[in-house]
Amino acid sequence: MSSPVQMLKQSFDNLSRTNKKIAKYVIDNPQAASEANIEDLAAVTETSTASVSRLVKTLGYSNFREFTLSLAYTQLRPQNLPIFKDIDANDTLSTIADKIFTSSQRALQDTREGIDENEFARSVLRIIHCRRLGFFGLGGSSVAALDGYHKFLRTSIDCFYYADFDVQLMQAVKLGEDDCAIVVSHSGKNRQTIKIAETLKRRKVPVIAITSYQDSPLVGHSDITFISSSDESNYRSEGMYSLLAQLTIIDTLFMMATVRMGPATEDTIRSVQNIIESTRG
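Residues numbered from 1 in each chain as written. Predicted model: local features only at pLDDT ≥ 70, side-chain atom pairs only at ≥ 80, totals over all residues. Heavy atoms only, no water.

Chemist: Pulling in residues and values, what's your account of the sheet that holds strand E2 (residues 159-161)?
Modeler: On the basis of which strands lie adjacent, the open sheet formed by five strands has the order E2-E1-E3-E4-E5 and parallel pairing. The two strands at the open ends of the sheet, each matched to only one other strand, are E2 and strand E5 (224-227). Averaged over all adjacent pairs, the angle separating strand axes in this sheet is 15°, with direction ignored. In this sheet, strand E4 (residues 207-211) lies alongside strand E3 (residues 180-185) in parallel orientation, the contact comprising five bridges. Bridging from a neighbouring strand, Ile182 pairs with Ile208 of E4. The strands touched by helix H11 (residues 191-202) are strand E1 (133-137), E3 and E4; relative to E3, the strand with the most contacts, the crossing angle is about 160°. (Pairing = 2+ DSSP bridges. Helix = DSSP H or I, 4+ residues; strand = E, 2+ residues; numbered from the N terminus. Axes fitted to C-alpha atoms, helices over the stretch in contact; angles between N-to-C directions. Contact = heavy atoms within 4.5 Å.)

What follows is the structure in structure tokens.
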């Protein structure tokens, strides 16, 4: 079924003078019309509620409420946005949801299939035996870095994360070969992130990189690399699916490290959980 605005445009020439006044207002002000009640629309178009009711019924709607709901839905549709290449403007909300969930699942599956078990093993050993564990990520990747810090903070591992670039750089200078750094960058090309990675490498800090591109500069500065696959050739909201994959990689490393550390970190996790629970009413 065409949108209310499209139907009004298509039938405009055949409408009565009264209905044209209503139609013109809706076409020019679809958002306002979708939020108006029938009395408001009649008043603003200087017509009557009966005229409005008759018009919406000629368009095929049972009542004015059904008409405004359809009109409101068209305001939610992505219009002429090239970044949403696999989302069609006529997709229903259910179809859009199915496409997003399917793409997210595909990104996670592709990411998992691209990671060798040895990479997990090497990373976990670096993490559980390090003196300090630092998380580094800027922009959108700061979400994954902060999530990693928040998770590992519950363990007995001494870890840190700071959102500010200058502070991250200063922290990188303070690390050494007995420490470990997890650096997250969707593109792997961010100049500030590369500056941090270069600093870490000069300090001989073991670097675990999480990025979406195997040929990115970040890979060249890392000891272990996890590639977070994403189906963004069709849906290019920057790092959307990549971020989901990055979060899952970090969550996997956290669970693996926790299991391998066993009793050594169990008490810490329980203590952290208890103190958090004590703040909840």
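Chemist: Which residues make up the packing of helix H7 (residues 93-113) against helix H13 (residues 240-261), and what values do they have?
Modeler: Between H7 and H13, the least distance of the axes is 9 Å, while the angle of their chain directions is 45°. Considered as vectors, H7 and H13 are oriented oblique to each other. Considering how the two elements wind past one another, H7 and H13 form a crossing that is right-handed. In contact with Lys99, Ile100, Ser103, Ser104, Ala107, Leu108 and Thr111 of H7, H13 contributes Tyr241, Leu244, Ala245, Thr248 and Ile249. (Parallel < 35°, antiparallel > 145°, perpendicular 65-115°, else oblique. Left-handed = near helix turned anticlockwise from the far one by under 90°.)

Chemist: An account of the pairing of E3 is needed here, citing residue identities and associated values.
Modeler: Extensive coverage of E3 is indicated by the burial of six of its six residues. Side chains of E3 alternate between two faces, with Cys180, Ile182 and Val184 and Ala181, Val183 and Ser185 buried alike. Pairing between E1 and E3: five bridges, direction parallel. Looking at the pairing, Gly134 lines up with Ala181 of E3. Handedness of the E3-H11-E4 crossover: right-handed. (Buried < 20%, exposed > 50% of the residue type's maximum accessible area, 1.4 Å probe, protein only. Right-handed = clockwise from strand over helix to strand, strands pointing away.)

Chemist: Which residues make up the nonpolar core, and what values do they have?
Modeler: Ile127, Leu133, Phe135, Phe152, Ile182 and Phe226 are the most contacted members of the largest nonpolar core, which totals 26 residues. For this core, the secondary structure elements donating two or more residues are helix H8 (117-128), E1, helix H9 (142-152), E2, E3, E4, E5 and H13. In terms of residues, this core owes the most to one element, H13, which gives six residues. With sequence-adjacent residues up to four places away left out, Ile127 is seen in contact with Leu133, Phe152, Ile157, Cys180, Ile182, Ile208, Leu253 and Ala257. Core analysis: the next-biggest nonpolar cluster, separate from the first, contains 19 residues, Met7, Ala23, Phe67 and Leu71 among them. (Core = buried A, V, L, I, M, F, W, Y, C linked by side-chain atoms within 4.5 Å.)

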